[in-house]
Structure formats: structure tokens, C-alpha cells
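# Analysis of the macromolecular model
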Amino acid sequence: MIRFHFEDRGQDFLWWDVEDNGQGIGKVVDAGPFQQSLWANGKHYVNLLEPHGVGDRLATTDNLALSMETGLCRRLNYPIERVEERRNAA
């Protein structure tokens, strides 16, 4: 699990928890402190093959099939402030 912390620019979320499937695709499984139900609804993914370190903007999609077929994605407006590796709950 990777937690991406974003620069605070007044948005309703400051972090995303992303589950890495080991093939360069991460599923957003939690977000906070607000809008959890919007971002972690099972439809938002992160392209982990694109740069995703401090200062980068995540490449995201809510249409994984189309993104896999065409490479289409969006860049999140908020730069990454910190990346935290987290253990999965046992």
C-alpha cells in the first residue's frame, strides 16, 4: 500500500491510499480527510509506471479499460508532497 500525501491547496482531500497490483496499476482504496466515497469508490486508479514521487502529479483514471487501451489519463491538480509505504492490514 502506498499513501500519497498532496500539497494542501484548499482541496477536500490531502491523501490517497493506493493498492499496487504489482503491474503498474494502483487502485485508490481510501482517501481523506474528506471525499473518501468519491475517490475510493472502486473506480479510480493511478498509473504507477508514470512518475509518482515528491513534486509529481499522479496520472489517474476512472476508466481503466479505456486507459489501458489508449493510454488516456488525467493528471491530478495537486502535487505529491510525501510518499509513504504502508503495510497492508493482516
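Read on for an overview of the structure.

## Side note on the environment of Gln35
- Considering the arrangement of structural elements, one finds Gln35 in the loop between strand E3 (25-33) and helix H1 (36-39).
- Owing to a relative accessible area of 29%, Gln35 belongs among the partly exposed residues under this scheme.
- Between the C-alpha atom of Gln35 and that of Val18, which follows or precedes it by 17 residues, the distance is 15 Å.
- Those residues in contact with Gln35, other than ones at most four positions away along the chain, are Asp12 and Phe13.
- Within the structure, Gln35 has its side chain in polar contact with the side chain of Trp39 (distance 2.9 Å).

## Side note on the packing of aromatic side chains
- Counting across every chain of the model gives six aromatic pairs.
- Between the aromatic rings of Phe6 and Phe13, the centroid separation amounts to 5.7 Å while the plane-to-plane angle is 85 degrees, which identifies the pairing as edge-to-face. Accessibility classification places Phe6 together with Phe13 in one group, the buried group.
- Ring centres of Phe13 and Tyr78 lie 5.6 Å apart, and the angle between their planes is 80 degrees; on these two criteria the pair is classed as edge-to-face. Taken together, the residues span a long stretch of sequence, with Phe13 in strand E2 (residues 13-20) and Tyr78 in the loop between strand E6 (74-75) and strand E7 (80-85) at a distance of 65 residues.
- Judged by its relative accessible area of 3%, Phe13 falls in the buried class.
- In this structure an aromatic cluster arises from ring pairing among Phe6, Phe13, Trp16, Trp39 and Tyr78.

## Focus: the sheet that holds strand E5 (residues 59-61)
- The sheet built from seven strands is open, its strands ordered E6-E5-E4-E3-E2-E1-E7 with antiparallel pairing. Looking at strand neighbours, the two that pair on one side only are E6 and E7, the edges of this open sheet.

## Notes on the nonpolar core
- Residues Phe4, Phe6, Trp16 and Leu58 are the most contacted members of the largest nonpolar core, which totals 16 residues.
- At the level of secondary structure, the elements contributing two or more residues to this core comprise strand E1 (2-6), E2 and E3.

Conventions adopted
- Residues numbered from 1 in each chain as written.
- Predicted model: local features only at pLDDT ≥ 70, side-chain atom pairs only at ≥ 80, totals over all residues.
- Heavy atoms only, no water.
- Helix = DSSP H or I, 4+ residues; strand = E, 2+ residues; numbered from the N terminus.
- Buried < 20%, exposed > 50% of the residue type's maximum accessible area, 1.4 Å probe, protein only.
- Contact = heavy atoms within 4.5 Å.
- Polar contact = N/O pair within 3.5 Å; in protein donor to acceptor, adjacent residues only side chain to side chain.
- Phe/Tyr/Trp six-rings, centres within 6.5 Å; stacked < 30°, edge-to-face > 60°.
- Pairing = 2+ DSSP bridges.
- Core = buried A, V, L, I, M, F, W, Y, C linked by side-chain atoms within 4.5 Å.

In short, geometric facts, not functional conclusions.
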